Amino acid sequence: MNYLENLFSLEGRTALVTGGSSGIGLMMAEALVMAGADVIITARKEAECVAAVERLNALGGSGKADAILADLSKEEQLLALCRQIEQRWDALSILVNNAGRNWGAPFGKVPYKSWESVFALNVTAPFALCQELLPLLERGGRPDDPARVINTGSSSGILPLGNNAFSYSASKASIHHLTRVLARELAGHNITVNAISPGPFDSRMMKLATPDETAYEVVRDMVPLKRWGNASDIAGAMLFLCGLGGAFVTGTIIPVDGGVATNCGDEPQKQRG
Ligand SMILES: NC(=O)c1ccc[n+]([C@@H]2O[C@H](COP(=O)([O-])OP(=O)(O)OC[C@H]3O[C@@H](n4cnc5c(N)ncnc54)[C@H](OP(=O)(O)O)[C@@H]3O)[C@@H](O)[C@H]2O)c1
């Protein structure tokens, strides 16, 4: 094994990626398959999952992909997914809690129940998966090469942007905090817990938020590096956090956001020069 392979190869690892059929989750699954991991993606829509698995298996990586359908906002489906994973694998090396949803409505018009649905998927499901899959994760890690939990946060969980996404922002701040809490809890089990906090990336969710070119450019201009993120930005963070090179890192929230988390209110002034 050469130097880079030793640090970042995921040959022989097993990985579950929630929301792996689309957007950032699919980018994460691509990085894992290309680095050699066997990956199960999970999402609700069968056609999207089938297409994503075909795409992942056609990449030419040494890992393989498969899918299991589940609505992770529903307890019984989450538990059924965990039982299927246990039947398939003795050990889980990498759990990626990426599936997420938004609920946009102006202040005063946010339905009470919508909070529950956002938190169920964005916060409750990642916690429940960690709890249910603990025995598998314990068997997937060693003191010098722990099992990895990667949560997908958001720059909305760092900056109080609002943007009519009140429950979403609060849920993302919550998953960042839960990342640090679980990092402490699971360190003694040879499991690290970290989060990637993305800035804007092209995805189904972001297509709804930025339906036209003007909206796309407005979001781009909020990014200090003046672009949207792409698959290699996600892949770099994933390989660092999942490979041997990231084995000593836990409880971190890594912004992969072109600098969005450094914004502090003087952006229009800076743009004027
Ligand atoms: N894109 C961005 O700019 C951005 C920025 C910061 C953070 N994020 C975060 O990145 C993560 C992925 O979002 P994305 O932007 O890539 O959106 P996306 O393209 O809409 O992908 C969302 C994924 O989650 C799955 N999903 C949605 N509801 C689910 C449920 N109830 N149970 C199981 N799976 C479900 C979707 O598949 P099904 O619909 O088939 O279930 C899909 O695979 C989210 O946590 C999001 O908050 C995104």
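Worth saying up front: this structure is predicted, and the values here are computed from it rather than measured.

**Regarding the overall build of the protein chain**
Counting its secondary structure elements, the protein chain contains 11 helices and seven strands. A compact globule built from 273 residues would reach a C-alpha radius of gyration of about 19 Å, and the protein chain, at 18 Å, matches this within 12%. For the protein chain, the spread of C-alpha atoms along the principal axes amounts to about 55 × 45 × 40 Å. Taking the intrachain contacts of the protein chain between residues at least 6 apart in sequence as the baseline, contacts between residues at least 24 apart amount to 75%.

**Concerning the site of the ligand**
As a structural note, the neighbourhood of the ligand is formed by 29 residues, with Gly-19, Gly-23, Ala-43, Gly-100 and Ser-203 the closest of them. Contributing elements (two or more residues each) for the shell around the ligand: helix H2 (23–34) and helix H8 (204–209). Of the residues in the shell around the ligand, the class split is 11 nonpolar, 12 polar and six charged.

**Concerning the pairing of strand E1 (residues 14–18)**
Each regular strand displays side chains that alternate between the two surfaces of the sheet. For E1, a buried count of five out of five residues is recorded, marking the element as mostly surrounded by other parts of the structure. Side chains Thr-14, Leu-16 and Thr-18 project from E1 onto one buried face, and the interleaved Ala-15 and Val-17 project onto a second face that is buried too. In this sheet, strand E2 (residues 38–43) lies alongside E1 in parallel orientation, the contact comprising five bridges. Each residue of the ladder has a partner; that of Thr-18, found in E2, is Thr-42. In terms of handedness, the path from E1 via H2 over to E2 forms a crossover that is right-handed. The pairing of E1 with strand E4 (residues 94–97) spans three bridges and is parallel. Looking at the pairing, Ala-15 lines up with Ile-94 of E4.

**Quick look at the sheet that holds E4**
Taken in spatial order, the seven strands make up an open sheet running E3-E2-E1-E4-E5-E6-E7, and their pairing is parallel. Taken across any chain shown, the strands that pair with only one partner, and hence form the sheet edges, are strand E3 (65–69) and strand E7 (253–256). Strand-to-strand twist in this sheet, taken as the mean axis angle between neighbours without regard to direction, amounts to 20°. Along the sheet, helix H3 (residues 46–57) makes contact with E2 and E3, crossing E3 at roughly 170°. Docked against the sheet, helix H5 (residues 112–132) engages E4 and strand E5 (147–152), running at close to 165° with respect to E4.

**Considerations on the packing of helix H4 (residues 75–88) against H5**
At a closest axis distance of 10 Å, the pairing of H4 and H5 adopts a crossing angle of 35°. As H4 packs across H5, the resulting crossing turns out to be right-handed. Contact residues: H4 offers Leu-78, Leu-79 and Cys-82, while H5 offers Ala-125, Ala-128, Leu-129 and Glu-132. Residue composition of the contact of H4 with H5, grouped by class: six nonpolar, no polar and one charged.

**Quick look at helix H10 (residues 231–242)**
The terminal C-alpha atoms of H10 lie 16 Å apart, and with 12 residues this matches the ideal 16 Å at 1.5 Å per residue to within 8%. Taken as a whole, H10 has its buried residues at Asp-233, Ile-234, Ala-237, Met-238, Leu-239, Leu-241 and Cys-242.

**With respect to the packing of H5 against helix H7 (residues 166–186)**
Between H5 and H7, the least distance of the axes is 9 Å, while the angle of their chain directions is 15°. It follows from the interaxial angle that H5 and H7 lie roughly parallel. Note on packing geometry: the crossing formed by H5 with H7 is right-handed. Facing H5, whose interface residues are Ser-114, Trp-115, Val-118, Phe-119, Asn-122, Val-123, Pro-126, Phe-127 and Cys-130, H7 presents Ser-167, Tyr-168, Ser-171, Lys-172, Ser-174, Ile-175, Leu-178 and Leu-182. Residue composition of the contact of H5 with H7, by class: 11 nonpolar, five polar and one charged.

**Digging into the nonpolar core**
Judged by nonpolar contacts, the single largest core of 64 residues is most densely connected at Met-28, Ala-29, Leu-32, Val-39, Ile-41 and Leu-95. In terms of residues, this core owes the most to one element, H2, which gives eight residues. When neighbours within four sequence positions are excluded, Ala-29 is seen to be in contact with Val-17, Gly-20, Val-39, Ile-41, Leu-56 and Ala-65.

Rules behind the numbers
Residues numbered from 1 in each chain as written. Predicted model: local features only at pLDDT ≥ 70, side-chain atom pairs only at ≥ 80, totals over all residues. Helix = DSSP H or I, 4+ residues; strand = E, 2+ residues; numbered from the N terminus. Rg over C-alpha atoms; globule rule 2.2 N^0.38 Å. Contact = placed C-beta atoms within 7 Å. Near = placed C-beta within 6 Å. Nonpolar A, V, L, I, M, F, W, Y, C, P; charged D, E, K, R; others polar. Buried ≥ 20, exposed ≤ 12 C-beta atoms within 10 Å, placed from the backbone. Pairing = 2+ DSSP bridges. Right-handed = clockwise from strand over helix to strand, strands pointing away. Axes fitted to C-alpha atoms, helices over the stretch in contact; angles between N-to-C directions. Left-handed = near helix turned anticlockwise from the far one by under 90°. Expected span 1.5 Å × (residues − 1). Parallel < 35°, antiparallel > 145°, perpendicular 65-115°, else oblique. Core = buried A, V, L, I, M, F, W, Y, C linked by C-beta atoms within 7 Å.

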